[in-house]
Structures are given as C-alpha cells and as structure tokens.
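Observations on chain architecture
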Amino acid sequence: METKNKGGKGEGRQSKIEEKRWDKVIEIPIARKWKDNKLYAFDRKSKKPVYSIDTPPPYVNTPVHIGQAATYVLMDMFARFRRMTGHNVLFPLGLDRNGLPIEMAAERKFGIKLGDVTRERFIKMCRSVLEESSSATEETFFRLGISFNSWKAGEEVGDIYHTDSPDYRSLTQDSFIDLWNKGLIYEDDRINNFCPGCGTTIADAEVIYRDLPSKFNDIIFRVKETGEKIIIGTTRPELICTCAMVIFNPKDDRYRSLEGKTAVTPVFGKEVPIKSHPYAEMDKGTGLMMMCSAGDLTDIRFFREMNLEPLIAIGSNGLMNEHAGFMKGLTVQQARGKMIEVLIEKKLLVKQKDTVHRTPVCERSKDPIEFISMKEFYLKQMDCKKKMLELAKKISFYSPRSRQIMIDWINSVSIDWPISRRRYYATEIPIWYCAKCKHPILPPKGEYYQPWKDKCPWETCPKCGHGEFYGEDRVFDTWFDSSMSPLYILKYSRDGEFFRRNSPCSLRPQGKEIIRTWLYYTVLKDYLLTGELIFRDAWINYHIVDDNGKKMSKSLGNIIDPQEVIKRFGAEPFRMWCAIEGNLENTDFRCSFDRIEGTHKTLTKIWNVARFVSMFPKPGKRPELEPADRWIMNEVNKLVKNARKCYEKYDFHTPAAEIKHFIWETFASNYIEMVKTRAYNENGDFSKQEQESACFALNHALETVLRLLAPVNPFLTYRLYEELTGKDIHFTEFPEPEKGPEKKMQFTTEELAELNSGIWKAKKDKGESLKSEIEKMEMPKKFREIGSDLRRMHNISKLSFV
RNA sequence: GGGCUCGUGGUCUAGUGGCUAUGACGUCGCCCUCACACGGCGAAGAUCGAGAGUUCAAUUCUCUCCGAGCCCACCA
C-alpha cells in the first residue's frame, strides 16, 4: 500500500517510520537483544537504592495461566517504573518445585501412589516431572517482556531460584534450626486435619470447603434409666462408635427430663452421659446431638473443652481401626454404608434424608478431611497473634482494603501451625534421633540435609554418648519453604551486610486468596527469625474472570491461555490491556480475546502519531513556544504529574486510561490537526521560530508520553523512542513535571475540543468537506491567542473574536 | 451467623454532594481530508438496582430492602 505523503503535496517530508502499524513480530528480536545484553541484571556495586520485589514463585508443572501472566506483567510495570526513577531493582524469578502438586503430577504420570515405591525412586519420578516442565514457564514470561534480573538459575542475587535447590532448602532448614533453638518448635500428639488422599496432616490454612451430597440419618438411641427411645440425627453414623456424650440445648424443654441420664449407643451399646450444652441447636435435626471424637472441628473443640478422652476410630492410613469394631479395615465411605446396613437390619434407622453437607476438603487433592491424632511438629503462633495484628497494620496494603483479609485470618487462628508433613518431595526436617535415648539432634546450619538417608553429622549422642542414630523422615509444609522467599532473595543468613542494607523487602505482590497462607506465614516466620517486619508494601491482586464474569476453569472451557494471547497478538496488546482494564485491586475483572485485541488499536494510533511526528525533526534548542504549543506542554505536564503519583501507588490503570485519552483526543484530534500547517509551513506563512516551536512541541510531547508508557509497553516505546531520538528509552529517566509557573491558557482543553467539534459538525451538516473554506467566523475571545492556528486548521478566511 | 465488595445506555466501564452523567464495544449514517479505513466526523441509546431519610440540591452521604460475588465461621 502506498503512503499518501510520498510525492504529492507532502514533498520532501517523509516519515522515518515505514511500517503503518505495530507488528507483534518486532517484539521477539527486541526481547532477545535485551536478554543477550543482560539489560536488567542486578548490579551489586550500584549505589542506587534497592527496590526489591518478592515475586510469587509459580508452580512449574502447569502452564502459566492468564491470572499469573497479568500479575507478572503488572509487577514488571512496577519494576520498570522504579528503574526509571533511579532504583536498583531486584526482580528475580522464583520457581516453586516443592510439595504436593509436583508429587501428585508424578503419581499421575507414573500411575503410582506415594507408598508404592521407595523414597529414592519417588523423588526421581518427581524430578522427571520437573525436568519436562520448567522451560515453558520461562518462555512465556520471556515473551511477555518481563524484565527479570536474570534468565539463569543460580545463587547470585537476582538469579532464577528453585525452591527445591540445595541452597534454598538449606536456608529453610536453617530457619527451622533457629526457631528450634529459640524454643518455638515443639512436637505434640493431637487431633489434626488429615487428608487421606495425600496421606498427611495439613494445616487449617490448607482446608477449604465444598458442598457435597450426604445423607442425614435419624437413628434410635435408648435411655438406660427409663428405656425410652430417643432419636438423634447424624451425617456420620460410622462415628457412633466414638460417641462420648449426647447433648441438647439448655433452653430445649423437650429434653429437660434427660439431663443427667445415660444414653446407650445403638449397635455398640456404649453408655454415655446426656447433658445440656449450647452447642446443640434446637432446630437442627431432632435437637439431640451425639458428640463423637473428631467428626469435625466443633467436636474437637468440644472434647477439649469438656475434657473428654477422644476415641479415634480412623487410623493414619485413613481406614477404620479397632475402635470401629466390625467396620475395622474399611474406608470411611465403606464404613458408613456398612453401618447403615446394620442399623436398617436392627430397625434402628428411623429416617434417611438427602442433604448437602458443607464438607471440609483438602485444598490440593479435594479429598474430605478426616480428623485423626498424630504426632507432628508445631510452630508456636498463638502467642504472637497480637504482634501479628500490629504488623498487619504496619504493612502498606494496596489497596488498603485488603488488610482486612489478613486481620480476619489472624483473628481466627486457633491452634499453632503444624509444620511437618508425611510426604517425600519437600524440604526434609533436619533432625536425627539417638537410637538409644531418642534424644533429638539438630545438625549445624549452612548445609542441606536429608536425614532419611544421610549419616548423622555427630559421632555420639550428646546426651547419652551412644553412637547410633536414625533420621527424621518427615518433611516441611510447603508454606514453611515459601515463607522464606523474601529472606532468600535478600541473602538473609548468607550475606549479612547485603541483608542489613536491603531489608525490608520493598514489595510483596500476591493474590488475595493466599493472604492467609503465603503472606501470613511469611510475615509470621520472618518476624520470629529476625524480629522485624519483612515487607514495606503488599500489593494484593484480585481475579481475572471471563467475559461474562464467570470464574475461569478448565471444566467450563472458558480459559484464556496466555500462550494463545501471545501467539495471536503478541505481548503489547496484552500489557496495555492489563494496565487499562485492570483496576486490579478493586474487584475481579473480565478478560476475553476481544478485549485484549481492542487495545491493539491504541498501539496502532501511537505508532501513527509517531510516524507523523517523525517527519518533523526536533530543533536542537528549545525555541520560544507559541501559545498552542504551550498549551499541549501544559497538558503533558498534567499527565506526568498524575502518572508519577499513581505509579508510586501501583495504580497503572488511571494513568494508562488518561494517556490513552490524551493520545486519541487531545494530541491526535485536536493538537496535531491544529499545528499541522504550521509544522509543514509549505507556503512559508509562518516564521522559522513559529515552525520550530511546533516541531519542538510535537516531539517533546510525544517523547514524554512514550517515557510515561515505557513501563507499560516496553517494546513499542523502545522501538519508537529509538526511531525518534536515537536513544535507548531504558536509560532515560521517568519524566518530571516541568517546573516554573505554567502560563495559564485563556481556554480550557474541553472548551477547545468543543469548539473544534462544533465547527466539524457544522461543515458536516452542510455536506461540506472538513477542509472547505469558511468565509467569516466569530469565536469567543479566549481563543484569540491560538487564533492563527485555528484559522488555518479550519480554513477560515476572516476570523474575529467577541 | 460474622465480615467485605459490587449493582451506571444492549454489553462492559469511569466518575462526582451542584452545569446537559465518562469512555469503550456494539448499532446506524456520512467521509479513503497529504500519520493512521486496525482511521475520521456524526447520530441514536441511561428515570445511575428499589424505597425512605439527611440536604437548598443525592447517581454520590445514611438506613432498609432486592439482586450478584468473595472471605471467615458453622451446619450433629
């Protein structure tokens, strides 16, 4: 296609930029160049203040999803902005490779379960899953233009780190040793959440709730003293064997006579006391409630409160044990069916009703949680709830509203944090035990230990002098690892000087759904280790939903794959979309290919504005500016001020929308149209100074806008800035508002836009072309100062002001 | 049950105690005007969820209700 300015009237004027629009293929060589030149490497010698971002390590075995892509793009904007404001930015990529998601992927891939093969073999299988998956994640981030310090895994500041590297794991183990020595760790045998699918204890934070269908059974008990029948409703008949008490509400007159009597459980014939207790609600079921050990969390609390001895009928393998009598060896589901059969046979089941039961399930495997007693390690957290609240108030949250989520969670914490897990692919708990006296022995810090296969570093037991040991075989909760990330990237306990200078970490960006885990545990653990608050800012992003406001999920088939987005549009439209559409902090926001593609038009517009401006070289010296040019500089100045203010607060949405509006409306439609003739100055109607003023303002305004957009659209702005100025936009500073008193214009921008629009409409209504001549026109005198530009813009022969 | 959001043209969205309520997509009309037809100019389209209150004035503040979503607790 031929460009219009070649030949014809625009003779001699040629745009430096040939292509008519932004093309995604330009991105790849640019990204590669940046990578090859190590443009974003962290400079340890730099004197600039460090701005550090504790990026959320994604799991490597699943492709990057759209939410992560958007989050990383936004983080990248933060990083690029800080670089332009004179910071030495620490922005490393971390990859999470520990824990259940990897193990479950390995189990699926090899068709095995944890206990089926040796530990060595299982770990090998996990490794093989990991090897396959790592590079896809990095490739996606690379194509999105994320400015990580490094693309190489390593131990230098800013390198890609793996949470399963010996270096990272040893730091996790060090933290355990420190906390142990501070007396903050203890082992206890207590009822806990147990996931039968994962075969391990899990923390409250890992429990979620699902509505699952269940049956509500009305079952006959007998009162020993009177022989009368009482009916109790339950969804867990298999737990009748552990029933320790029957209760009713103190206000419930129906059962007052039962107070202090004894109930006999069906089938098992166990005698249990009947008491009144407010836990029982009058309108639930029959109003009578059997209290079984560990049916759910209420039961646990109740047993603790009433000092009842819990009888655990579910073993650590998830199967019913000897306390379940005839149900021994069955799974919980099987046992329930069997119990119902027996009850029916004995005519003890009065009624069965379908119900939906909000069931606690494991966050990872989605198996219903059972409550069983096991020995686990705990980190004391109950003692520092007050301190945690204090710290939560000290963090600067963006938006501030998100703080409440953390506060709510802290207030609801009710037991210490169980940190040990019975899995394989995770950081090992670094303890050996004396084979004779069972005394626990911790190794010295600084090494990565695998006690289940390594030799104990001590020769003899310091307590009894015995020389044989066995290693601990449990591992840590993944959050015990993840909560080390800011300490790890800041070289805590590895480079004391670096850590002291650069702690606390500037920013923790993360999703709202892991405030109660990642954010809470990190702040908690790092406080216990260092005595300080580890973050200055926390930026909490919400969710991306589909075009109809529905959650994206594989089963609904409404997933937007970022790899597909990159393939179709490249990175820049997506990046622009992230900035413009996402009031990310406010609510969930919607995403579709159409919406992303929509921003492409703005990129084309910027491209063509730049093509136009590039026809007019920037004068070396700033000339005395004409009023219209001063006006556009004022407008740019407003943009700069606001962008600075908002970017500081992690708000890219407001400035991006403003900049977009500026480019389309103010700059392209009004300013360019107005000064075009003066910039061309074909008939020599204008003085050299007048022409240069236009050329200067055109260039200056555009350059400034490009710099404002550089964090949002690095590829596009890099390319255009290079064309226009020959310089690399990376090495320019973020624009400062121009100082000195602005000369106020007589008119406002809105008034000018209205005036122009009115003239265009009038010509339109008369069926005339926009450049047709207007013989005579009057306009308000506030426009006098830009009169000559307006006269040429609209081709007015006689212009007067009133 | 406790807490937190949100409800603005067909769709999505901005915004504010006070001019005729922002913009985008979509729809319709006209225009290839020397940066851009992935463009330009213009038109139609909203009683700002419902009701009450505070106020000279409410879409904006307060309360109630209706509707949507999220988090926490709980459901024997």
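Before going into details, it helps to say that this report is about the structure given with it. Treat the numbers as computed from the prediction; the structure is a model and nothing was measured. (Residues numbered from 1 in each chain as written. Chains lettered and ligands numbered in written order. Predicted model: local features only at pLDDT ≥ 70, side-chain atom pairs only at ≥ 80, totals over all residues. Heavy atoms only, no water.)

**Points about the layout of surface pockets**
Applied cut-off: Using only the protein atoms, space was sampled on a 1 Å grid; points where a 1.4 Å probe fits but cannot get out form cavities, open sets with protein on both sides within 12 Å along at least five of seven lines form pockets, and lining residues are those with an atom within 4 Å of a point. Grid points are joined across faces, edges and corners, and a volume is the space filled by probe spheres set on the points. Runs of E in the DSSP output that reach at least two residues are strands. Runs of H or I that reach at least four are helices, and both are numbered from the N terminus. Amino acids are sorted into nonpolar (Ala, Val, Leu, Ile, Met, Phe, Trp, Tyr, Cys and Pro), charged (Asp, Glu, Lys and Arg) and polar (every other residue, Gly among them).
Space inside the largest pocket adds up to approximately 2400 Å³. If you trace the largest pocket, you find 50 residues lining it, with Thr 62, His 65, Gln 68, Glu 513 and His 543 closest to the centre. Those elements giving two or more residues to the lining of the largest pocket turn out to be helix H2 (66-84), helix H3 (100-110), strand E7 (207-223), helix H10 (478-482), strand E22 (505-511), helix H13 (515-530) and helix H14 (562-569). The leading source of residues in the lining of the largest pocket is H2, at six residues. Residue classes in the lining of the largest pocket are distributed as 24 nonpolar, 14 polar and 12 charged.

**Comments concerning helix H19 (residues 653-680)**
To keep it simple, the criterion reads: Two axes define the bend at a residue: one fitted to the seven residues ending there, one fitted to the seven starting there, and the bend is the angle between them.
Maximum bend of H19: about 50°, positioned at Ile 672. Downstream of H19 by one or two residues, Asn 681 has phi in the positive range, about 45°.

**Section: unusual backbone geometry**
Here is the rule we go by: In this scheme, a residue with accessible area under 20% of its type's maximum is buried, one over 50% is exposed, and one in between is partly exposed, where area comes from a 1.4 Å probe on protein chains only.
Along the chain, Ser 503 connects to Pro 504 via a cis peptide bond; the corresponding omega equals 0°. Locating Pro 504 in the fold gives a position in the loop between helix H12 (496-502) and E22. One non-glycine residue, Lys 38, lies in positive phi territory at about 50°. In this fold, Lys 38 is placed in the loop between helix H1 (27-36) and strand E1 (50-52). Its relative accessible area of 61% is what places Lys 38 among the exposed residues. Although it is not a glycine, Lys 491 sits at a positive phi angle of roughly 65°.

**Looking at the sheet that holds strand E23 (residues 535-541)**
Put simply, the rule reads: Two strands pair under a simple rule: DSSP has to find at least two bridges between them. Angles shown run from 0 to 180 degrees and are taken between the N-to-C directions of axes, each axis being a line fitted to C-alpha atoms and, for helices, limited to the stretch in contact. A contact between two residues is defined here by any heavy atoms of the two lying within 4.5 Å.
Taken in spatial order, the three strands of this open sheet run E15-E23-E22, and their pairing is parallel. Either end of the sheet is taken by a strand with one partner, and the two such strands are strand E15 (396-398) and E22. With strand direction ignored, the average angle separating the axes of adjacent strands in the sheet is 20°. As defined by bridge partners, E15 adjoins E23 across three bridges and the pair is classed as parallel. Bridged to Tyr 398 within E23 is Trp 539. On the sheet, H2 packs against E22 and E23 and is oriented at approximately 140° with respect to E23.

**Side note on the pattern of salt bridges**
Where we set the bar: In what follows, salt bridge is the name for a side-chain nitrogen of Lys or Arg lying within 4 Å of a carboxyl oxygen of Asp or Glu.
Under the criterion given, the structure shown has 38 salt bridges. A salt bridge links Asp 164 to Arg 97, with the nearest nitrogen and oxygen atoms 2.8 Å apart. One end of the pair, Asp 164, is in the loop between strand E4 (161-162) and helix H5 (166-181); the other, Arg 97, is in the loop between strand E3 (94-95) and H3, with 67 residues separating them in the sequence. An identical accessibility class is assigned to Asp 164 and Arg 97; each is buried. What emerges from the salt-bridge pattern is a single network uniting Glu 187, Glu 376, Arg 422, Glu 472 and Arg 474.

**Some points on the sheet that holds strand E20 (residues 469-471)**
Spatial strand order, E19-E18-E20: three strands in an open sheet with antiparallel pairing. The open sheet has two edge strands, strand E19 (440-441) and E20, and neither has a second partner.

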